[in-house]
Protein chains: 2
Amino acid sequence: MAPGAGRPRDERVDQRALAATREVFAERGWFGTSYDEVAKRAGVGKSSLYLRWGTKAELVVAALNEGKHLEGIDTGNVRGDLMELARVLLARQWSGDAAASYRFAAESRHVPELRDAAAAVKYSETVQAARRIVRRAVTRGELPPGTSPTMLNDLISGAIMRHTMVTAHPVTTTVRNRSQVYLVELVDTVLAGLVHRFD
Amino acid sequence: MAPGAGRPRDERVDQRALAATREVFAERGWFGTSYDEVAKRAGVGKSSLYLRWGTKAELVVAALNEGKHLEGIDTGNVRGDLMELARVLLARQWSGDAAASYRFAAESRHVPELRDAAAAVKYSETVQAARRIVRRAVTRGELPPGTSPTMLNDLISGAIMRHTMVTAHPVTTTVRNRSQVYLVELVDTVLAGLVHRFD
């Protein structure tokens, strides 16, 4: 994100605005999302939203691309890294943010502005995190060279998506505990698959 | 589905009605879906809809649970079965039906009627297909006893969901061809994972 012309950007305003956008978009979808409502919920001026994101599509795409906080993952071994990645993704799926992603996937097929923006929403933070994890794992000899970060990400994120897709909200403690066991099974299976694929 | 009291059900009417429901729900969501609109698009009487599905939630859940046609998969080996499963799921993701599922996942968090119905939408056809595939594979010695059909399904369906989630529509021939290669890589990786998980 490039800073505005000459004026330093307040990161907290960005974060509040993007979180509010995910919330409004999740509840109301494309047609129900307005700068007015986002400004109100975020407690920021509408003009500062317009300055940062010139169109509603830009605002929604920025909101969907933001906030996964996967930069810090580096436990020293691939299994630890994947468990941490899986935990963050699971927590995100249980938050309201997941609903915004589903809404986007559903509406981007019918709403031209969103369809055009879909190319920009590549869930790039997660793919980039997967790329860093794979690079280190290959260097350490834990994964074979040529391992696809996209496949890794599709398997981990996709399974977690399925796992949580029809969970009733709010999530109970029993479900949370069961899901910790699930994540271990998931990471073990995916790792074994990536290691033994060419056997 | 139990037949109506004394009167034989016309399966084609059911199919048309449920396909129309998926279409309307995908486009307009819960609040935009009405018996009126479904009856109009399906070309069936509104009263026959009410007879079959007494509430809108029942109608939507029936529509989401129907139409995957996975019963016939049985190629004689687990790899063939999984490739066929993957192909059907990919085709479904590219159809309008996927948008209905995403819409459901998004809205079931905010709409009480849908939240209550979520437990009934377990994507049961796919899980049942996975169960049959695993049972035969274990008998043939292709997969270890105790292999989880749910994990298998989460990995295959989930990865395909991620793979197609932000694909621009309509899908181009290039994307279709690339996806065939992707499915082979996916099935090989998942199979290796399930076989070698306990190594």
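Residues numbered from 1 in each chain as written. Chains lettered and ligands numbered in written order. Predicted model: local features only at pLDDT ≥ 70, side-chain atom pairs only at ≥ 80, totals over all residues. Heavy atoms only, no water.

Visitor: So what exactly am I meant to see when it comes to the interface of chain B and chain A here?
Guide: By a frequent convention, interface size equals the accessible area lost on bringing the separate parts together. Every contact between the two is made by 48 residues of chain B and, on the other side, 48 residues of chain A. Between chain B and chain A, roughly 4,400 Å² of surface is buried when both sides are summed, and carbon and sulfur atoms account for 65% of that area. Across the contact surface, chain B and chain A share 4 salt bridges. With a shortest N-O distance of 3.1 Å, R103 of chain B and E107 of chain A are connected by a salt bridge. In this structure, the connection of chain B to chain A is made through 4 residue pairs in polar contact (both at pLDDT 80 or more). (Contact = heavy atoms within 4.5 Å. Buried area = accessible area lost by both parts, 1.4 Å probe. Salt bridge = Lys/Arg side-chain N within 4 Å of Asp/Glu carboxyl O. Polar contact = N/O pair within 3.5 Å; in protein donor to acceptor, adjacent residues only side chain to side chain.)

Visitor: Would you take a moment to explain the environment of D14 of chain A for this structure?
Guide: All names here are of chain A. In this fold, D14 is placed in helix 1 (residues 11-32). When its relative accessible area of 2% is taken as the criterion, D14 is described as buried. Considering only alpha carbons, one finds D14 and S48, 34 residues apart in sequence, at a separation of 9.5 Å. (Helix = DSSP H or I, 4+ residues; strand = E, 2+ residues; numbered from the N terminus. Buried < 20%, exposed > 50% of the residue type's maximum accessible area, 1.4 Å probe, protein only.)

Visitor: Sorry if this is basic, but what is going on with the confidence of the model for chain A here?
Guide: Caution applies to low-pLDDT regions: their predicted coordinates should not be interpreted in detail. All names here are of chain A. When pLDDT is averaged across chain A, the result is 87; 89% of the residues are at 70 or more. Per-residue pLDDT, averaged within each element of chain A, yields its smallest value for helix 7 (residues 112-117) (76) and its largest for helix 2 (residues 35-42) (96). Across residues 1-5 the pLDDT falls below 50, and counting only partners more than four positions away or on other chains, this stretch makes 5 contacts in the model. For this predicted complex, the interface confidence score (ipTM) comes to 0.81, while the overall pTM stands at 0.81. (pLDDT = per-residue confidence, 0-100.)

Visitor: What exactly am I supposed to notice about helix 2 of chain A here?
Guide: Turn by turn, an α-helix covers 3.6 residues, leaving residues three or four places apart pointing in a common direction. Residues and elements named next belong to chain A. Listing the buried residues of helix 2 in full gives Y35, E37, V38, A39 and A42. Check the buried side of helix 2 and you find it contacts helix 1, helix 3 (46-52) and helix 4 (56-65). Phi for G43, located one or two positions after helix 2, is positive at around 65°.

Visitor: Is there a simple way to think about the relation of the copies chain B and chain A in this case?
Guide: By a simple turn and slide, chain B fits onto chain A: the slide is 0.0 Å along the axis, the RMSD is 0.0 Å, and the turn is 180°. Viewed as a symmetry operation, the transformation between the two copies matches a two-fold axis. A share of 100% of interface residues in chain B that are also interface residues in chain A marks the association as one of identical surfaces. (Least-squares fit on C-alpha atoms with pLDDT ≥ 70 in both.)

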